[in-house]
Amino acid sequence: MALLQISEPGESPAPHQRRVAIGIDLGTTNSLVATVRNSIAVVLNDEEGHPLLPSIVRYGADGNVAVGYEAQAQQASDPKNTIVSVKRFMGRGLKDVAHAENSPYDFIDGPNGAGMVQMRTRAGVKSPVEVSGEILRVLRLRAEAALFGSDGGELYGAVITVPAYFDDAQRQATKDAAKLAGLNVMRLLNEPTAAAIAYGLDNAAEGIYAVFDLGGGTFDISILRLTKGVFEVLATGGDSALGGDDFDHRLFCWVLEQARVPPLSDGDTRVMLIKARQVKEDLTLHAEARFNAKLSTGQVVDVMVTQRDFWDMTRHLVAKTLAPAKKALRDAGLTPAEVKGVVMVGGATRMLHVQRAVAELFGQAPLNNLDPDKVVALGAAIQANALAGNRSSEEDWLLLDVIPLSLGIETMGGLVEKIIPRNSTIPVAKAQEFTTFKDGQTAMAVHVVQGERELVSDCRSLARFELRDIPPFAAGAARIRVTFQVDADGLLSVSAKEMTSGIEAAVAVKPSYGLADSDITRMLKDSFEHARDDVHVRALREQQVEGERMLEAVNAALSADGDLLSADERSAIDAELASLKGLVSGRDHRAIKSAIEHINHATENFAARRMDRSVKQALAGKNIANV
Ligand code: ADP
Ligand code: MG
């Protein structure tokens, strides 16, 4: 941000009046920490003035744990103990790690193959949670140093961002990492939502926004809908193996060809790739840049690269972002023209040909006046500040987020009864009563599922538990109340209680680790493909039930008290009843609804007269003083 920060006397509250909160972008390639100071969100730099912290952790031979640039420098010489891109392993089992065999790490599967993958390092076996915890710890210390100096002070809490498609296991792992790092997590926030908040879009006009995030190794596209200050994720997509690194690699290959370099050692490859990254970044601002590197063989590589060369050689990579972007729009049932704004996120969106391609796809200039690699952290800081209660009331705003997939339980016939529907704002708690199916049934299995489809087999299984020792009632007599509670971070706990006996069972859903990217994509895709049908089916079913109930009730009233109506009134009601009767078995839920409203209206006077009559009957023969 090209904003000068001027703190006016009296304008900023004294430190003890404010709760100091931070926002953290825990990225695959780079992480950042930001805060709101004097009403402006700022990224906190390290002592050398770097805003970014490379998300790299090295367990050194001396027992030291190095994080960031220092670890990055050792990456080539000590790959096994230097963990990069650990975010890819969060909440994942070994079987979900793509190309584990090509990875330099010594992976170990979690217990029974069910837990999170771990890595054997010289400092012992490390889980992705511990590695991420090291990164977060460095950011916490950085924030404390920047915000409190030597005075000491305590952070009130942190908001940490996660990709919108992260499932429960990945979110839980992120929260655990933060706890390890000594952070009080106020909330996990979806990255695209954070970016939109940084641009103040939550105060903007309602509508559809796209967030285009091209980072170091991943590409994410999210389509958000803003309604009343709440962002709802309509669709996500992307490519988990596409990012700035691929542009470096392409440039590296191109230079090898140009300079006719013989096969390289691992160390030289590393040197050349680092150079390629630098040259790529230079080419964002300069028409040409010099690729100059000295290899261990003594050979000097010296090639001039123009912006034009670079754009030509990486054109196909830019094109690869467009297909998922179009697909996400299709999934959300939208055209590019319906998108009100496009937020650019991720360092790699600085490249001009990426900007141009995005502008062309959406037919508008993207929002890019904030640093694309800082925007997520800035948004997280703004939300953290608000959650800490530092906002004045006139700036009051909504702090809601929504659950991405419905949560429910399995009922008879393998059907899903949704308890918390998708897009419910969180935190949320909902309960529903169920009953036993068989006479004398003393146990009930509760199977918790997540997903949009009506059949259990189309949804994701989250947990199972049993409610035992239910008193042996007749079928249908037990009243079992199942309560779902989703906390502010989208994590779920479920409990079941038999209401007559009070016996209870509960699980905090320890989500089964390791839902593959493809599964998430498929589930979201399915949900969007079927969402419209499903919503329609449900709305129709509800109106049909209501319509039938209405027909029955009015007919019963007519046969009991029909004499209260004049012939005209009676025929008006009969006409409305006939019309509802004709519609109730049809497929137009709106028409049924409006017919129900008509009947309600047509029977208002009738209902009033019936009421009078029944009151009179009730009072008949009674002394008014006894009523
Ligand atoms: P992540 O979200 O994956 O942690 P970032 O958003 O920090 O990643 O993006 C990192 C990528 O952005 C790297 O590939 C880096 O080279 C690239 N990048 C940063 N600055 C520039 C620039 N000026 N021009 C081109 N690419 C850049
Ligand atoms: Mg990022």
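Residues numbered from 1 in each chain as written. Chains lettered and ligands numbered in written order. Predicted model: local features only at pLDDT ≥ 70, side-chain atom pairs only at ≥ 80, totals over all residues. Heavy atoms only, no water.

Peer 1: Tell me what's going on with the confidence of the model for the chain, and back it up with residues and numbers.
Peer 2: Across the chain, pLDDT averages 85, with 87% of residues at or above 70. A low-confidence stretch, residues 1-16 (pLDDT under 50), is modelled with 13 contacts involving residues beyond four sequence positions or located in other chains. Between residues 510-521, whose pLDDT stays under 50, and residues either more than four places distant or in other chains, the model counts 33 contacts. (pLDDT = per-residue confidence, 0-100. Contact = heavy atoms within 4.5 Å.)

Peer 1: Can you explain the environment of Ala158? Please cite residues and give values.
Peer 2: Note on placement: Ala158 falls in strand E11 (residues 157-162). The sequence separation of Ala158 and Val33 amounts to 125 residues, and the corresponding C-alpha distance is 9.5 Å. Apart from the residues within four sequence positions on either side, Ala158 is in contact with Ile22, Leu183, Asn184, Val185, Met186 and Arg187. (Helix = DSSP H or I, 4+ residues; strand = E, 2+ residues; numbered from the N terminus.)

Peer 1: Quick one: what's the story with the packing of helix H4 (residues 191-198) against helix H9 (residues 375-387), residue by residue and with numbers?
Peer 2: With their axes 7 Å apart at the nearest point, H4 and H9 run at an angle of 80 degrees to one another. When the axis of H4 is compared with that of H9, the two are roughly perpendicular. On the side of H4, the interface is formed by Glu191, Ala194, Ala195, Ile197 and Ala198, while H9 contributes Val375, Val376, Leu378, Gly379, Ala380, Ile382 and Gln383. Looking at the contact of H4 with H9 residue by residue, the classes come out as nine nonpolar, two polar and one charged. (Axes fitted to C-alpha atoms, helices over the stretch in contact; angles between N-to-C directions. Parallel < 35°, antiparallel > 145°, perpendicular 65-115°, else oblique. Nonpolar A, V, L, I, M, F, W, Y, C, P; charged D, E, K, R; others polar.)

Peer 1: Tell me about the pairing of strand E24 (residues 444-450), and name the residues and values.
Peer 2: Counting buried positions over the seven residues of E24 gives six, a clear majority of the element. Across three bridges, the pairing between strand E20 (residues 407-411) and E24 is antiparallel. Residue pairing for E24: Leu407 is matched across the bridge by Gln450. When E24 meets strand E25 (residues 460-467), the two strands line up antiparallel, connected through seven bridges. Directly across from Met444, in E25, lies its bridge partner Leu467. (Buried < 20%, exposed > 50% of the residue type's maximum accessible area, 1.4 Å probe, protein only. Pairing = 2+ DSSP bridges.)

Peer 1: Describe the sheet that holds strand E8 (residues 106-108), naming the residues involved and giving the relevant values.
Peer 2: Taking strand neighbours across the sheet as the criterion, the three strands line up as E8-E9-E10 in an open arrangement whose pairing is antiparallel. Among the strands making up the open sheet, the edge pair consists of E8 and strand E10 (124-126). Ignoring strand direction, the axes of neighbouring strands in this sheet form an average angle of 35 degrees. Both strand E9 (residues 118-121) and E10 contribute to a ladder of three bridges, which runs antiparallel. Along E10, the bridge assignment pairs Arg120 with Val125. Against the sheet, helix H2 (residues 128-148) contacts E9 and E10, and its axis sits at roughly 85 degrees relative to E10.

Peer 1: Any chance you could break down the sheet that holds strand E15 (residues 230-239) for me, citing the residues and the numbers?
Peer 2: What the four strands build is an open sheet, ordered E15-E14-E13-E18; its pairing is mixed. The open sheet has two edge strands with one neighbour each: E15 and strand E18 (339-345). The sheet shows a mean angle of 20 degrees between the axes of neighbouring strands, taken without regard to direction. Examined bridge by bridge, strand E13 (residues 207-214) and E18 share six bridges and lie parallel to one another.

Peer 1: Any chance you could break down the packing of aromatic side chains for me, citing the residues and the numbers?
Peer 2: Applying the stated rule across the entire model yields six aromatic pairs. Measuring from centroid to centroid gives 5.2 Å for Phe89 and Phe107, while their planes differ by 85 degrees, and the two rings are edge-to-face. Of the two residues, Phe89 sits in the loop between strand E7 (82-84) and E8 while Phe107 sits in strand E8, which places them 18 residues apart along the sequence. The exposure class of Phe107 is buried, given its relative accessible area of 15%. (Phe/Tyr/Trp six-rings, centres within 6.5 Å; stacked < 30°, edge-to-face > 60°.)

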